[in-house]
Amino acid sequence: MKPIFVRGVSHQFRLTLAIILSVVLFVANDRVEPIRQSLSTVLSPLQYLANVPGAMLDWSAEALATRKMLSAQNKVLMEQQLLMSERLQRFEHLRQENVRLRALLGSPVHMDSRKVVAEVMEVASDPFRQLVVLNHGTRTGVYVGQPVVDAKGVVGQVIEVNELTSRVLLVSDSTHGIPVRVTRNDVRAIANGTGDIDEIELRHVAKSTDIIAGDLLVTSGLGDRFPEGYPVARVMSVARDDGQSYAVINAQPLAALDRIRYVLLIWPDEEDNTPLVPISVEENQSLKTDSAEDVQSEEANDTPSASQNPEVSQ
Amino acid sequence: MSAHIANGRLVVWITLFIGMMFQIMPLPEIAAAWRPDWLLMVMIYWGMALPHRYSILTAWVLGVLLDVMLGATLGVRGLAFALVIYAVELHFQRLRNFPRWQQTLVIAIFICIYHLIVYWTEFVVVGDSAFSTDMFLPAISSMLIWWWVFWMLRNIRHRYKVR
């Protein structure tokens, strides 16, 4: 039997080596980040390849959409756009007022930051963590720690980037914390993920703190990672149990974390200087006034989530 | 002879590559929890068939690559793969000669052990991972397709005379 002679080192030795190597990786977790990044750049074509079946399904759904479906969808979008542009008109007024007031106070004025729409790639992630993969990487300028939002609220932050893809840690992951404040009374807290996709909690909040169910939590801008004013979650329950030293506060993330498809990557420090493309208003019969068009073209790149918070500032 | 070995090596790595693709392939929400451990099964097969060529360290490297693909802490799956393949190597003679149902059962137990090791190490290294019996669902689905994987890989091995 050949194998007996080619037998090299023993299994025990190999296992010990593997265990030692694993422990080294655990301990040096942060230092091996560059290696991990280059490995993941090399392997990212695999992710694109694995994404192909899902992308094909999407494509066929688009290609097979009937005229009736498209016109129905178009109608809904038209209505939505009308509502949004009405809101934008009010927002524009508030914004100017805010700029004037801030000028009076001598406070810096919030600039519109650069944003890029990214698509969530359908690839498997560690089942014990809450992660998604986006189809943008260092080539677009994505960086570790970058905030990610969707139409309704904060999604999470980038924790790993390579050439073509990046990985986002969702706000619901148990290792994620985000500084928030309550819009009603500006109480500050830190919202920690629980590992449950539709639940985050506020830890170490004194029982006397004024937080009630239904309160809206927005980013406070403290911690210098997330820009101020993006909605994060809504408080679902507040329990003040005598046996506990702190109030137990659960909140539900506003972003639809379980079915996100498109998200916005934000560069808070970079001003938005991409030429604003006005939405072709000629085709849109619902917009008639000149002022509405101006507002439309001026704010075309603004997210709805930002428009809900006129007092956004840096 | 060396060209022959190189050819065999290529075949093995291609099967492992396909296993990796299946492992990270997107699945519908309902099926995601039932995702069979393709990569581990392919590795167990080669560890059983060619224990002196593909064993613990190969498994460790694959596990680390899988960690990179899944965005997990590096080394978690490397460790789990290495431990499972070690168990396979200890018993490869017996495993090869087990009747079909018994082999399937043992593989299912190995996969349960694999998921437990991954859970424990994630718990120790990352902390706060929630325990749920859902993590054993892949063992059931893997059990159901193990024989098919085994048959497929054995055919490939015989066809390309991988030794």
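The rules behind each value
Residues numbered from 1 in each chain as written. Chains lettered and ligands numbered in written order. Predicted model: local features only at pLDDT ≥ 70, side-chain atom pairs only at ≥ 80, totals over all residues. Helix = DSSP H or I, 4+ residues; strand = E, 2+ residues; numbered from the N terminus. Rg over C-alpha atoms; globule rule 2.2 N^0.38 Å. Core = buried A, V, L, I, M, F, W, Y, C linked by C-beta atoms within 7 Å. Buried ≥ 20, exposed ≤ 12 C-beta atoms within 10 Å, placed from the backbone. Contact = placed C-beta atoms within 7 Å. Axes fitted to C-alpha atoms, helices over the stretch in contact; angles between N-to-C directions. Left-handed = near helix turned anticlockwise from the far one by under 90°. Nonpolar A, V, L, I, M, F, W, Y, C, P; charged D, E, K, R; others polar. UniProt positions renumbered as here; feature names shortened; annotations may be inferred. Expected span 1.5 Å × (residues − 1). Bend = angle between axes of the 7 residues up to and from the residue. Pairing = 2+ DSSP bridges. pLDDT = per-residue confidence, 0-100. Parallel < 35°, antiparallel > 145°, perpendicular 65-115°, else oblique.

1. Observations concerning the overall build of chain B
Broken down by element type, chain B carries eight helices and zero strands. Its helices and strands taken in sequence order, chain B reads α-α-α-α-α-α-α-α from the N to the C terminus. Taken over C-alpha atoms, the radius of gyration comes to 16 Å for chain B, in line with the 15 Å a tight globule of 163 residues would show. Expressed as lengths along the three principal axes of its C-alpha atoms, the size of chain B is roughly 50 × 30 × 30 Å.

2. Side note on the nonpolar core
By size, the foremost hydrophobic cluster in this structure holds 97 residues, and its most contacted members are A:V155, A:A191, A:V232, B:V42, B:M43, B:F81 and B:A82. Beyond its immediate stretch of four places on either side in the chain, B:V42 contacts B:T15, B:L16, B:G19, B:V149 and B:L153.

3. Section: the packing of helix α7 (residues 100-125) of chain B against helix α8 (residues 137-159) of chain B
Residues and elements named next belong to chain B. At their nearest, the axes of α7 and α8 sit 9 Å apart, and the two run at 145° to each other. The element α7 and its partner α8 pack so that their crossing is right-handed. Only P138, A139, S142, M143, W146 and W147 of α8 make contact with α7, whose side of the interface consists of R100, T104, I107, A108, I111, C112 and H115. Of the residues contributing to the contact of α7 with α8, the split by class is nine nonpolar, three polar and one charged.

4. Quick notes on the interface of chain A and chain B
Listed per partner, the contact involves 39 residues of chain A and 32 residues of chain B. Those elements that place two or more of their residues in the side of chain A that touches chain B are α1 (3-6), α2 (11-27) and α3 (33-63) of chain A. Sorting elements by how many residues they give to the side of chain A that touches chain B places α3(A) first, with 11 residues. Here the residues of the side of chain A that touches chain B are counted per class, giving 20 nonpolar, 11 polar and eight charged.

5. So, the UniProt feature "domain: Rod shape-determining protein MreC beta-barrel core" (unreviewed entry) in chain A
UniProt records the feature "domain: Rod shape-determining protein MreC beta-barrel core" (unreviewed entry) for residues 120-267 of chain A in the present numbering. Along residues 120-267 of chain A, the helical share is 0% and the strand share 45%, with 18 Å between the first and last C-alpha atoms.

6. Considerations on the UniProt feature "transmembrane region" (unreviewed entry) in chain B
All names here are of chain B. In the numbering used here, UniProt assigns the feature "transmembrane region" (unreviewed entry) to residues 6-26, 104-123 and 135-153. Between the C-alpha atoms that bound residues 104-123 there is a distance of 29 Å. The span itself is 100% helix and 0% strand. Helix makes up 89% of residues 135-153 and strand 0%. Its end C-alpha atoms lie 26 Å apart.

7. Some details on α8(B)
Residues and elements named next belong to chain B. Between the first and last C-alpha of α8 there are 33 Å, a value that for 23 residues agrees with the 33 Å anticipated at 1.5 Å per step. The largest bend along α8 measures about 45° and falls at I145. Among the residues of α8, P138, A139, S142, W146, V149 and L153 are the ones counted as buried. Positive phi shows up at K161, right after α8, with a value of about 50°.

8. Topic: the pairing of strand β11 (residues 247-253) of chain A
Residues and elements named next belong to chain A. Bridge analysis of strand β8 (residues 200-205) against β11 gives four bridges, and the strand direction is antiparallel. Note that in β11 the partner of V205 across the bridge is A247. Pairing of strand β10 (residues 231-239) with β11 involves six bridges; the strand directions are antiparallel. Residue pairing in the sheet places V238 in a bridge with I249 of β11.

9. Things to note about the sheet that holds strand β4 (residues 154-161) of chain A
All names here are of chain A. Taken in spatial order, the six strands line up as β1-β2-β5-β4-β3-β12 and close into a barrel, and their pairing is antiparallel. Here the strands of the sheet are splayed against their neighbours by 45° on average, with no regard to which way each runs. Relative to strand β12 (residues 262-271), strand β3 (residues 147-149) runs antiparallel, the two being bridged by two bridges. When the sheet's bridge partners are listed, V148 is paired in β12 with L265.

10. A look at the sheet that holds strand β7 (residues 188-193) of chain A
Note on sheets: strands pair through backbone hydrogen bonds, and any given pair is parallel or antiparallel. Taken together, six strands build a closed barrel; the order of strands is β6-β7-β8-β11-β10-β9 (chain A) and the barrel is antiparallel. For this sheet, the mean inter-axis angle between neighbouring strands, taken without regard to orientation, is 40°.

11. Points about the confidence of the model for chain A
Residue and element names in this part refer to chain A. With 82% of its residues at a pLDDT of 70 or more, chain A shows a mean pLDDT of 80. For chain A, helix α6 (residues 304-307) is the element with the lowest average pLDDT, namely 42, and strand β6 (residues 177-182) is the one with the highest, namely 93. With pLDDT under 50 throughout, residues 275-314 is counted as low confidence; its partners more than four residues away or in other chains account for 68 contacts.

12. What to know about the packing of helix α4 (residues 56-70) of chain B against helix α5 (residues 76-90) of chain B
All names here are of chain B. For the pair α4 and α5, interaxial distance at closest approach is 7 Å and the crossing angle is 150°. In this view, α4 runs roughly antiparallel relative to α5, as classed from their interaxial angle. In this structure, α4 crosses over α5, and the sense of that crossing is right-handed. Where α4 abuts α5, its residues I56, A59, W60, L62, G63, V64, L66 and D67 lie against V76, R77, G78, A80, F81, A82, I85, Y86 and E89. Among the residues forming the contact of α4 with α5, the class breakdown is 12 nonpolar, two polar and three charged.

13. Quick look at the pairing of β8(A)
Residues and elements named next belong to chain A. Sheet topology note: the β7/β8 ladder contains three bridges and is antiparallel. Counted as the bridge partner of N192 is E201 from β8. The antiparallel pairing of β7 with β8 creates a hairpin that spans six residues between the two strands, and G195 there sits at a positive phi of about 95°.

14. A closer look at helix α3 (residues 38-49) of chain B
Residues and elements named next belong to chain B. With 12 residues, α3 ought to run about 16 Å at 1.5 Å a step, and its terminal C-alpha atoms sit 17 Å apart, in line with that. Of all 12 residues in α3, 11 are buried; the element is thus mostly enclosed. Of the residues making up α3, those classed as buried are W38, L39, L40, M41, V42, M43, I44, Y45, W46, G47 and M48.

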